[in-house]
Amino acid sequence: MDGVHSLISTGLNASIKMYTIAKVYAEGLNAQPRAQTFCIEGTIVIDKANSVTYLGCAMPHCNRKVHDSDIGTNMHYLCPTCKQSFMMPMPKYCICFQIVSGNDHKWATAFNTASTALLGVPVATMMDIFADNNMYKPVHSYNLQQAMYGKYLMTIQGSTCNTSFWKGHRSWIVTEFLKVGHSHDNVREEEEQDEGPDVEEGGEDEVMA
Ligand SMILES: [Zn+2]
């Protein structure tokens, strides 16, 4: 916890406030169509079956999946989202997981940039090394498993869709993972808190004496 607070106080993510899941809902931070940014500290439980790789737009910050209909007459892809033209789609990650923070949890998604930082391996590298899908899958699964042992300060964009099939759906997209510890740290913190009063009392006595 100290690590997180010192990072924030020293300026990293200084403009982004720390929240709990309950506070985000209470203040309606994720209730608007326009995404709002906030930080939550917690662990993650990844839905491995829905954490996939796909062929997407070649632009680094565009997450659109490519379709055959995106190919123009010049054999280049034209992305309808970012309007960029490219020859080769890029393999990208999309990771589906629950954020666990305190006693609350919330489903969230991370796209390629954040997922690459989380897993430590660019998906293109994974594809190159493990061209055989039978090899790729267990390694990808292992990487996802490893990520679940971390505790993170997550930068999140929350919004609520106001149109179509997804109307009312609260979308949380994690744009950045900052590893601040391990998932088992929670247990240790609780143990320390139990012992806390004894230590503090001892300290005060010393000062007073
Ligand atoms: Zn694009």
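Residues numbered from 1 in each chain as written. Predicted model: local features only at pLDDT ≥ 70, side-chain atom pairs only at ≥ 80, totals over all residues.

Per an unreviewed UniProt entry, the protein chain goes by the name Nucleic acid-binding protein and belongs to Dacryopinax primogenitus.

(A) Geometry of the pairing of strand S8 (residues 150-160). With eight bridges connecting them, strand S2 (residues 36-46) and S8 associate as antiparallel partners. Bridging from a neighbouring strand, Phe 38 pairs with Ile 156 of S8. Where S8 and strand S9 (residues 170-182) come together, eleven bridges link them in antiparallel fashion. Bridge pairing links Gly 158 to Trp 172 in S9. (Pairing = 2+ DSSP bridges. Helix = DSSP H or I, 4+ residues; strand = E, 2+ residues; numbered from the N terminus.)

(B) Quick look at helix H3 (residues 112-119). Looking only at H3, the buried set comprises Asn 112, Ser 115, Leu 118 and Leu 119. Angularly, the buried residues of H3 cover 125° about the axis, an arc narrow enough to put them on a single face. Taken from the residues just after H3, Gly 120 is the one with a positive phi, measuring 80°. (Buried ≥ 20, exposed ≤ 12 C-beta atoms within 10 Å, placed from the backbone. Arc of directions from axis to C-beta.)

(C) The arrangement of unusual backbone geometry in detail. Within the chain, Met 75 stands out as a residue other than glycine whose phi angle is a positive 70°. Its location among the elements puts Met 75 in the loop between strand S3 (52-56) and strand S4 (77-78). For Met 75, a count of 7 C-beta atoms within 10 Å puts it in the exposed group. Despite not being glycine, Lys 83 shows a phi value in the positive range, around 65°.

(D) Spatial organisation of the environment of Thr 155. Within the secondary structure, Thr 155 sits in strand S8. Sequence-wise, Thr 155 and Phe 38 are 117 residues apart; in three dimensions their C-alpha atoms are separated by 5.9 Å.

(E) Region of interest: the confidence of the model for the protein chain. Looking at the protein chain as a whole, the pLDDT averages 83, with 81% of positions reaching at least 70. The low-confidence segment residues 1-11, where pLDDT is below 50, has eight contacts with residues more than four positions distant or belonging to other chains. In the model, residues 194-209 has pLDDT below 50 throughout and makes zero contacts with residues more than four positions away in sequence or in other chains. (pLDDT = per-residue confidence, 0-100. Contact = placed C-beta atoms within 7 Å.)

(F) Here's a closer look at the environment of Val 121. Looking at the element boundaries, Val 121 is found in the loop between H3 and helix H4 (123-129). When the 15 C-beta atoms within 10 Å are taken as the criterion, Val 121 is described as partly exposed. Residues Val 121 and His 140, 19 residues apart in the sequence, show an inter-C-alpha distance of 9.5 Å. Those residues within four positions of Val 121 in sequence are excluded, and the remaining contacts are Met 126 and Asn 143.

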